[in-house]
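# Structural features, examined
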Amino acid sequence: MAAGIDDFDQMMRDNIRAVTAYARSIASHKDIAEEAVQETFIRAWRYSSSYRGDAPVLSWLITICRRVVVDLGQRHTFHAHDEIPDALQDPTDTYEMTALVDLVAALPLPQREVLVLCGILGFDYETAAETLSIPVGTVRSRLARARDALTSEMRQALAV
């Protein structure tokens, strides 16, 4: 294994929640997200020697997960609105949390991805850009659009 992944079990324990949150935020169905998380760590184990250590391990895992979700999404035939991604749901499932999850789920996928990476998982702009293979400026503009959309929707919800 590469120097950065000497203890695979620990690496998995350290990153499984973040990978799960990301998979749930971009997958069209909960089953796809769950399968994607499993497949992500299988591929990470199988290809651990390809990890060069020049990016954070989580960034490498998110890159793998993104590819897996796309692959699985093409193989499965779920309807787009079968289930709302629940990456942000709290076990208490309060009304406010559910409403926020609905708002995030309604964002276009590119905005949702950047919001999850930067706003929830704490990636800086450069790491998010590298993970998604897009320019830093694109990360910033997608994040700004996502925040604007959420702010607008929350204001409308409060005005009702």
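Residues numbered from 1 in each chain as written. Predicted model: local features only at pLDDT ≥ 70, side-chain atom pairs only at ≥ 80, totals over all residues. Heavy atoms only, no water.

## So, the confidence of the model for the protein
In this model, the protein carries an average pLDDT of 82, and 80% of its residues clear a pLDDT of 70 or more. Across the protein, the element-wise mean pLDDT spans from 69 in helix 4 (residues 95-106) up to 94 in helix 6 (residues 125-132). The low-confidence segment residues 78-94 (pLDDT under 50) makes 30 contacts with residues lying over four places distant or belonging to another chain. (pLDDT = per-residue confidence, 0-100. Helix = DSSP H or I, 4+ residues; strand = E, 2+ residues; numbered from the N terminus. Contact = heavy atoms within 4.5 Å.)

## Quick word on the packing of aromatic side chains
Using the criterion set out here, one finds 2 aromatic pairs in the structure. Geometrically, the ring pair formed by Y51 and W60 is tilted, given 5.2 Å between the ring centres and 50° between the ring planes. On the basis of relative accessible area, Y51 is assigned to the buried category, the value being 7%. (Phe/Tyr/Trp six-rings, centres within 6.5 Å; stacked < 30°, edge-to-face > 60°. Buried < 20%, exposed > 50% of the residue type's maximum accessible area, 1.4 Å probe, protein only.)

## Quick notes on the environment of G137
Looking at the secondary structure, you find G137 in helix 7 (residues 136-159). Assessed through its relative accessible area of 46%, G137 is described here as partly exposed. Between the alpha carbons of G137 and Y125 there is a distance of 8.5 Å; along the sequence they are 12 residues apart.

## Quick notes on the nonpolar core
Ranked by size, the top nonpolar core spans 41 residues in total, and within it V19, Y22 and L61 carry the most contacts. Counting only elements with at least two residues in this core, the list comes to helix 1 (8-26), helix 2 (30-46), helix 3 (57-75), helix 5 (109-120), helix 6 and helix 7. If we ignore the near neighbours within four places in the chain, the residues touching Y22 are I62, C65, R66, E113, V116, L117, L121 and L132. (Core = buried A, V, L, I, M, F, W, Y, C linked by side-chain atoms within 4.5 Å.)

## Quick notes on the layout of surface pockets
Here the largest pocket defines a volume of roughly 340 Å³. Mapped by element, the contributors of at least two residues to the lining of the largest pocket are helix 3 and helix 6. With 6 residues, the top contributor of residues to the lining of the largest pocket is helix 3. Its residues assigned to classes, the lining of the largest pocket comprises 4 nonpolar, 5 polar and 5 charged. (1 Å grid on protein atoms, 1.4 Å probe; cavity = no way out; pocket = protein on both sides within 12 Å on 5 of 7 lines; lining within 4 Å. Points joined across faces, edges and corners; volume = space filled by probe spheres on them. Nonpolar A, V, L, I, M, F, W, Y, C, P; charged D, E, K, R; others polar.)

## A short note on the pattern of salt bridges
Two side chains with opposite charge may pair up if their charged atoms get near one another. For the structure on display, the rule yields 4 salt bridges. Notably, a salt bridge pairs R43 with D71, separated by 3.7 Å at the nearest N-O pair. You can see R43 sitting in helix 2 and its partner D71 sitting in helix 3, a full 28 residues away along the chain. Take D71: its relative accessible area is 31%, and that puts it in the partly exposed class. Salt-bridge contacts for R66 lead to E113; the nearest nitrogen and oxygen are separated by 2.7 Å. Of this pair, R66 sits in helix 3 while E113 sits in helix 5; the two residues are 47 residues apart in sequence, bridging distant segments of the chain. Since its relative accessible area comes to 26%, R66 is described here as partly exposed. The class of E113 is buried, set by a relative accessible area of 4%. Each of E39, R43 and D71 takes part in one network of salt bridges that share partners. (Salt bridge = Lys/Arg side-chain N within 4 Å of Asp/Glu carboxyl O.)

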